[in-house]
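Examination of the molecular architecture
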Amino acid sequence: APEGHGAQSRLDVVQARGEIRVCSTGDYRPFTYRDADGAWSGIDIDLAGDLARRLGVRLQLVQTTWKAIADDVGRKCDLAMGGVSVTLDRAKKGFYTVPYLRDGKTPITLCENEKRFQTLEQIDQPGVRAIVNPGGTNEQFADANLKRATIVRHPDNNTIFAEILAGRADLMITDATETRWQAKQNPRLCAVHPDEPFTFSEKAYLLPRDVVFKEWADQWLHLALNDGTYARIAKPWLG
Ligand SMILES: O=C(O)C(=O)C[C@]1(C(=O)O)C=C[C@@H](O)C=C1
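Structure report, in brief. Keep in mind that what you see is a predicted model, and the values were worked out from it rather than measured.

Definitions and cut-offs
Residues numbered from 1 in each chain as written. Predicted model: local features only at pLDDT ≥ 70, side-chain atom pairs only at ≥ 80, totals over all residues. Heavy atoms only, no water. Pairing = 2+ DSSP bridges. Helix = DSSP H or I, 4+ residues; strand = E, 2+ residues; numbered from the N terminus. Right-handed = clockwise from strand over helix to strand, strands pointing away. Axes fitted to C-alpha atoms, helices over the stretch in contact; angles between N-to-C directions. Left-handed = near helix turned anticlockwise from the far one by under 90°. Contact = heavy atoms within 4.5 Å. Nonpolar A, V, L, I, M, F, W, Y, C, P; charged D, E, K, R; others polar. Near = heavy atom within 4 Å. Polar contact = N/O pair within 3.5 Å; in protein donor to acceptor, adjacent residues only side chain to side chain. Areas by Shrake-Rupley, 256 points an atom, 1.4 Å probe, with all protein chains shown as cover. 1 Å grid on protein atoms, 1.4 Å probe; cavity = no way out; pocket = protein on both sides within 12 Å on 5 of 7 lines; lining within 4 Å. Points joined across faces, edges and corners; volume = space filled by probe spheres on them. Domains from an automatic or database assignment. Core = buried A, V, L, I, M, F, W, Y, C linked by side-chain atoms within 4.5 Å. Buried < 20%, exposed > 50% of the residue type's maximum accessible area, 1.4 Å probe, protein only.

A few points about the pairing of strand 11 (residues 150-153)
- Where strand 10 (residues 129-132) lies against strand 11, 4 bridges are found, and the strand directions are parallel. Its bridge partner being in strand 11, Val132 is matched across the sheet by Arg153.
- The parallel pair strand 10 and strand 11 is bridged by helix 6 (residues 137-145), and the resulting crossover is right-handed.

The following block contains the structure:
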């Protein structure tokens, strides 16, 4: 049957096409990164490779943004991978696989300021500049929790940490996994209590509303989590 046939699962569409299209933002290390030459890397890029291999199709990565990601799934691509948090709003538009990683929001700041920004009350003060990337759960968290501090919206998540290093922002509140990675790359940046973040969240892959496709993706991810594939792929990124 041709692509788009109503009763057909996307699982069949992808196999008939011989290619799976995976949306990713490419701006969120260590999950997904796209360099200036367009080359992709990251935990979820490697896992997308494993998924395609085990499904027996080619992998095509498709550029998306945090604002557009939930709408692009099912239109521009078959699923989205790359540090996507489970949110109940996105779950109204699509399905998620089982989760594969636990995370939560925590601050990252210059090491010399680490003691000043331990609690939300310390951070939410006049004169404190909290920088945030728009479109995802970081912005939602900042809008919901920062009433007195200044929220600096910075469109490019790849240069956001340089803004803190340059002194144009005091801190960012983002996922603990990202704060650990960025602090490792930049010795002047410190992750603030990344093992005790302010929130609980989980990472999973976002799919269209298609139970047959979700069933296969869940079985693949469950297997990868339990047969050593996930551990092997995540090790160089998560340490
Ligand atoms: O929106 C999500 O699901 C994310 O987890 C992505 C998100 C965000 O929350 O904005 C998380 C951390 C990165 O700094 C960039 C994007």
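Focus on the packing of helix 2 (residues 43-55) against helix 9 (residues 211-226)
- Where helix 2 meets helix 9, the closest approach of the two axes is 11 Å, and the angle between their N-to-C directions is 115 degrees. For the pair helix 2 and helix 9, the crossing hand works out as right-handed. Along its contact with helix 2, which presents Leu47, Asp50, Leu51, Arg54 and Leu55, the element helix 9 presents Trp216, Trp220, Leu223 and Ala224.
- Considering only residue class, the contact of helix 2 with helix 9 consists of 7 nonpolar, no polar and 2 charged.

Points about the site of the ligand
- Taken together, 17 residues surround the ligand, and among them Ser85, Arg90, Thr137, Asn138 and Glu178 come closest.
- Separating an oxygen atom of the ligand from a backbone N or O atom of Gly83 is a distance of 3.2 Å.
- A distance of 2.6 Å separates an oxygen atom of the ligand from a polar atom in the side chain of Arg90.
- Alone, the ligand offers 370 Å² of accessible surface; in the complex the protein occludes 100% of this.

Points about empty space enclosed by the protein
- Tallied over the entire structure, the rule returns 3 cavities of 30 Å³ or more.
- Within this model, the largest cavity holds a volume of roughly 110 Å³.
- Elements with a contribution of two residues or more to the lining of the largest cavity: helix 6 and strand 12 (171-175).
- When grouped by side-chain class, the residues that make up the lining of the largest cavity number 2 nonpolar, 8 polar and 5 charged.
- Two domains each put at least three residues into the lining of the largest cavity: domain 1 (10-101 + 201-238) and domain 2 (105-191).
- Within this model, the second largest cavity holds a volume of roughly 50 Å³.
- Taken together, Ala130, Ile131, Val132, Asn138, Phe141, Ala142, Leu146 and Ile173 form the lining of the second largest cavity.
- When contributions to the lining of the second largest cavity are tallied by element, the ones reaching two or more residues are strand 10 and helix 6.
- Grouping the amino acids of the lining of the second largest cavity by side-chain chemistry returns 7 nonpolar, 1 polar and no charged.

Structural notes on the nonpolar core
- If you look at the biggest cluster of nonpolar residues, it comprises 44 residues, and the most contacted ones within it are Ile20, Leu47, Leu79, Met81, Tyr205 and Trp220.
- The dominant element in this core, judged by the number of residues it contributes, is helix 2, at 7 residues.
- Aside from chain neighbours lying at most four places away, what touches Leu47 is Met81, Tyr205, Trp220, Tyr230 and Ile233.
- Core analysis: the next-biggest nonpolar cluster, separate from the first, contains 11 residues, Ala130, Leu146, Ala149 and Leu171 among them.

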